[in-house]
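Chains, contacts and geometry: an overview
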Amino acid sequence: MAINLEKGQRINLEKNNGTKLQNICVGINWGAIEKKGLFGKKKEAVDLDASCAIYDENKNHIDSVNFQKLKSNDRAILHSGDDLTGDLNGDDGLDNEVITLDFSKLSPNASYVAFYVNSFRGQDFKDIPFASIRIYEGTPKRVTEEFARYDIANDATFSGKVSMVLGVFYKKNNDWKFNAIGVSTTDRKLEETIITIQQDHL
C-alpha cells in the first residue's frame, strides 16, 4: 500500500515482502489549465519539468538528468522525455514524465539523488490540475507496485511558486533511503534549484 508522503518524512526502500527496492520510477503527473475565454473554456498547455541531481558524499554536484540530458553518465538514471503540454483531456492515470533509477548501476561516488520540479513557462503550481509525484516499482508505462505518493496540487504552500524540491534519496551504511522534502523554492532555472538543494536539503 502506498504511503502518502509528508514533508520531512524519511522512509526505507523496502517492499511489502521485506526485500529492498533496486529499480524505482519517480513519476510526475499533471493536467492542462482550463481558462475561460470569450468563446467558452479553453485548455492551456502546461510544461512541468521533472529533474534529478546527483551529489557525492561531500555534497558536490556530480551529474544531472533532465529534459536536456536524458541519461546519467553511469546510465543508472533515465528520463522518459520532455512533456510540453500535460494531460489536455483530464487525468489519464499515467505519468507525464518518468525518471527511472537503478541503484545497482549508480556510480560509487553517488551519495545523494535529489528530485525536483520546475514550471518551465512560469505557470503557478496552484493553477495546475492534479499535479502529483509518486515513487513506484515498474516501468514508465506500467506500475507494478506504488510505493509512495506526494500530492502537489492540494498543498496551499505551493501557491505562487514555480519550483519545488520533491525529495532526496540518500545512502546510509550502504543502504538507500528517501527523505521527503516537499518544499517550494524561488528558483526560476534548473541550475538555481541544483544549488538550493546543495545548500539547504542534503
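Below, the structure is looked at part by part.

Rules of the game
Residues numbered from 1 in each chain as written. Predicted model: local features only at pLDDT ≥ 70, side-chain atom pairs only at ≥ 80, totals over all residues. Heavy atoms only, no water. Helix = DSSP H or I, 4+ residues; strand = E, 2+ residues; numbered from the N terminus. Rg over C-alpha atoms; globule rule 2.2 N^0.38 Å. Buried < 20%, exposed > 50% of the residue type's maximum accessible area, 1.4 Å probe, protein only. Areas by Shrake-Rupley, 256 points an atom, 1.4 Å probe, with all protein chains shown as cover. Lys, Arg positive; Asp, Glu negative; His and termini not counted. Charge placed at Lys NZ, Arg CZ, Asp CG, Glu CD. Core = buried A, V, L, I, M, F, W, Y, C linked by side-chain atoms within 4.5 Å. Contact = heavy atoms within 4.5 Å. Salt bridge = Lys/Arg side-chain N within 4 Å of Asp/Glu carboxyl O. Pairing = 2+ DSSP bridges. Axes fitted to C-alpha atoms, helices over the stretch in contact; angles between N-to-C directions. Phe/Tyr/Trp six-rings, centres within 6.5 Å; stacked < 30°, edge-to-face > 60°.

Here we take up the overall build of the protein chain. Looking only at helices and strands, the protein chain features one helix and 14 strands. Relative to the globule expectation of 17 Å for 202 residues, the C-alpha radius of gyration of the protein chain, 16 Å, shows essentially globular dimensions. Dimensions of the protein chain, computed from C-alpha atoms along their principal axes, come out at roughly 60 × 35 × 30 Å. Per-residue burial for the protein chain yields a buried fraction of 49% across its 202 residues. Accessible surface, the protein chain: about 10,200 Å² in total, of which carbon and sulfur atoms supply 46%. Taken as two groups, the 26 positive and 30 negative side-chain charges of the protein chain have centres that lie 1 Å from each other.

Here we take up the nonpolar core. With 40 residues, the main nonpolar core has Ile77, Leu101, Leu106, Val113, Phe115 and Phe169 as its most contacted residues. Elements supplying a minimum of two residues to this core: strand 3 (23-29), strand 6 (48-55), strand 9 (97-102), strand 10 (112-119), strand 11 (132-139), strand 12 (142-151), strand 13 (163-172) and strand 14 (175-185). A total of four residues in this core trace back to one element, the largest contributor, which is strand 6. With sequence-adjacent residues up to four places away left out, Leu106 is seen in contact with Asp74, Ala76, Ile77, Leu101, Val113 and Trp176. One finds Ala114, Val165, Val168 and Ile194 within the second-largest nonpolar core, a separate group that totals twelve residues.

Below, the discussion takes up the pattern of salt bridges. Using the criterion set out here, one finds four salt bridges in the structure. Between Arg134 and Glu146 there is a salt bridge, with the nearest N and O atoms lying 3.3 Å from each other. Within this pair, whereas Arg134 is found in strand 11, its partner Glu146 is found in strand 12, the two being separated by twelve residues in sequence. For the pair shown, Arg134 and Glu146 are each scored as buried. By sharing partners, the salt bridges in this structure join Asp95, Arg134 and Glu146 into a single network.

Moving on, we get to the pairing of strand 11. In terms of residue burial, strand 11 counts as a mostly covered element, since six of its eight residues are buried. Across five bridges, strand 3 lies against strand 11 in antiparallel orientation. Paired with Gly27 across the two strands is Arg134, which belongs to strand 11. Across eight bridges, the pairing between strand 11 and strand 12 is antiparallel.

Before going further, it helps to examine the sheet that holds strand 7 (residues 61-65). The strand order 2-14-13-10-6-7 describes an open sheet built from six strands, whose pairing is antiparallel. Each end of this open sheet is capped by a strand with a single partner; those strands are strand 2 (10-12) and strand 7. Going across the sheet, the axis of each strand differs from the next one's by a mean of 20 degrees, ignoring polarity. Against the sheet, helix 1 (residues 190-200) touches strand 6, strand 7, strand 10, strand 13 and strand 14, its axis set at about 140 degrees to strand 10.

The next thing to look at is the packing of aromatic side chains. Evaluation of the coordinates by the stated rule reveals six aromatic pairs. Plain terms: the ring middles of Phe67 and Phe120 are 5.9 Å apart, the flat faces sit at 85 degrees to each other, and that makes the pair edge-to-face. You can see Phe67 sitting in the loop between strand 7 and strand 8 (77-79) and its partner Phe120 sitting in the loop between strand 10 and strand 11, a full 53 residues away along the chain. With a relative accessible area of 54%, Phe120 lands in the exposed category. Seen from their ring centres, Phe169 and Phe178 are 4.6 Å apart, and the 50 degrees between their planes marks the pair as tilted. Exposure remark for Phe169: the relative accessible area of 0% places this residue in the buried category.

This paragraph deals with the pairing of strand 5 (residues 40-44). In this structure, strand 4 (residues 33-37) lies alongside strand 5, joined through five bridges in antiparallel fashion. Across the sheet, Lys35 pairs through a bridge with Lys42, a residue of strand 5. What sits between the antiparallel neighbours strand 4 and strand 5 is a turn of two residues.

With that settled, the discussion passes to unusual backbone geometry. Its identity as a non-glycine residue notwithstanding, Lys59 has a phi of 70 degrees, on the positive side. Tracing the backbone through its elements, the reader meets Lys59 in the loop between strand 6 and strand 7. What makes Lys59 partly exposed here is its relative accessible area of 33%.

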